[in-house]
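Chain by chain, the residues run as shown.
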Amino acid sequence: MTSLSSTSPDTATAEIKDPFAPVASPREPDSAVERIIVDSGDYYLERLSAGQTMRILDLEGNQAADTIFYKADDPSEHYSASNTVREQGNLYLKHGSVLRSNHNNPMLEIVADTCGRHDTLGGACATESNTVRYDLEKRCMHACRDSWMLAIAERPELGIHKRDIAHNINFFMNVPITEAGGLTFEDGISAPGKYVELTAKMDLLVLISNCPQLNNPCNGYNPTPIEVLIWDQ
Ligand SMILES: [Zn+2]
């Protein structure tokens, strides 16, 4: 093992490099084949072909994009938080993370990330969790699970059923793990213009709820739009 004193300055710098440091993309928005604004509280359900790259852009900052990925021709295969966390040996999703399915197949890879922190443990908001976390009267408030259910009901030809609603990723959401092993919902670390970019490793369906939650700081108590951009390469 090399001692620190014999390590070159460059290597020493690499050893203490921030693992959440931003990694920008070389892709230009003008060359995207698709650009879609998803309003706050709205949803997105579209195909993403193997080899295509998708950027989710936090237009105004501090927004959470609650996302599930499905195998396009068999949506019973979907994103798995547990397989992803186990295989990468880390709780956080960031540049270089490979997102895996419930069959442990690689679905996508995060190829650029200027935010540096994305949660996959906190789950999505639902009317039921609103009552448990906040107040009984919060049950009627719009939640991510409602948006997902609306999306799959409007696109029955895609073959996603209620039972396929599974683990999700909260892009841009900050859910740090405490020293005691607890989860906390903290103020976001995203900002206007921050983005995450993923390259598909199989043909996919992408289901996003642009979170309408007003009761916790995941979107700054002020849900705002996101933009989805897609490149063929
Ligand atoms: Zn939500």
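Use the structure listed above.
Just so it is clear, the model here is predicted, and its values are computed rather than measured. (Residues numbered from 1 in each chain as written. Predicted model: local features only at pLDDT ≥ 70, side-chain atom pairs only at ≥ 80, totals over all residues.)

## Considerations on the overall build of the protein chain
Each helix and strand counted, the protein chain has 4 helices and 10 strands in total. Of the contacts made within the protein chain by residues no fewer than 6 positions apart, 77% connect residues no fewer than 24 positions apart. (Helix = DSSP H or I, 4+ residues; strand = E, 2+ residues; numbered from the N terminus. Contact = placed C-beta atoms within 7 Å.)

## What about the environment of His 103?
By secondary structure assignment, the location of His 103 is in the loop between β5 (98-100) and β6 (106-113). Classification of His 103 as partly exposed rests on a count of 13 C-beta atoms within 10 Å. The spatial distance from the C-alpha of His 103 to the C-alpha of Asn 83 is 8.4 Å, given a sequence separation of 20 residues. (Buried ≥ 20, exposed ≤ 12 C-beta atoms within 10 Å, placed from the backbone.)

## Some remarks on the sheet that holds strand β9 (residues 204-210)
Judged by pairing direction, the sheet is antiparallel, and its 4 strands sit side by side in the order β2-β9-β4-β7 without closing on themselves. Bordering the open sheet on either side are β2 (43-48) and β7 (169-171), each of which pairs with just one other strand. For this sheet the average axis-to-axis angle between neighbouring strands, irrespective of direction, equals 25°. Note: strand β4 (residues 65-71) against β7, 3 bridges, orientation antiparallel. Paired with Ala 65 across the two strands is Phe 171, which belongs to β7. (Pairing = 2+ DSSP bridges. Axes fitted to C-alpha atoms, helices over the stretch in contact; angles between N-to-C directions.)

## Focus on the sheet that holds β6
Read from one edge of the open sheet, 6 strands run β1-β10-β3-β8-β6-β5, paired in antiparallel fashion. Two strands bound the open sheet, and with one partner strand each, they are β1 (34-38) and β5. This sheet shows a mean twist of 25° between the axes of neighbouring strands, independent of strand direction. Taken together, the 5 bridges between β6 and strand β8 (residues 194-200) define a ladder with antiparallel strand orientation. Across the sheet, the residue bridging to Asp 113 is Val 196, located in β8.

## A short note on the pairing of strand β10 (residues 226-231)
Judged from the 5 bridges that link them, β1 and β10 form a sheet pairing that is antiparallel. Counterpart to Ile 37 in the pairing with β10 is Glu 227. As judged from the 6 bridges shared by strand β3 (residues 53-58) and β10, these two strands associate in the antiparallel manner. Across the sheet, Thr 53 pairs through a bridge with Trp 231, a residue of β10.

## A word on the environment of Asp 73
Its location among the elements puts Asp 73 in the loop between β4 and α2 (81-88). On the neighbour-count criterion, Asp 73 (10 C-beta atoms within 10 Å) is exposed. Here the alpha-carbon distance between Asp 73 and Asp 203, two residues 130 residues apart in the chain, equals 7.8 Å.

## Describing helix α4 (residues 144-154)
Residues Cys 144, Arg 145, Ser 147, Trp 148, Ala 151 and Ile 152 constitute the buried set of α4. Viewed end-on, α4 has its buried residues packed into an arc of 160°, placing them on one side of the element. Facing away from the buried surface of α4 by more than 90 degrees, the exposed residues are Ala 153 and Glu 154. (Arc of directions from axis to C-beta.)

## Structural notes on α2
Among all positions of α2, only Ala 81, Asn 83 and Thr 84 are buried. On its buried face, α2 is in contact with β5. Positive phi appears at Gly 89, one or two residues downstream of α2, with a value of about 65°.

These results come straight from atomic positions and should not be treated as a statement about function.
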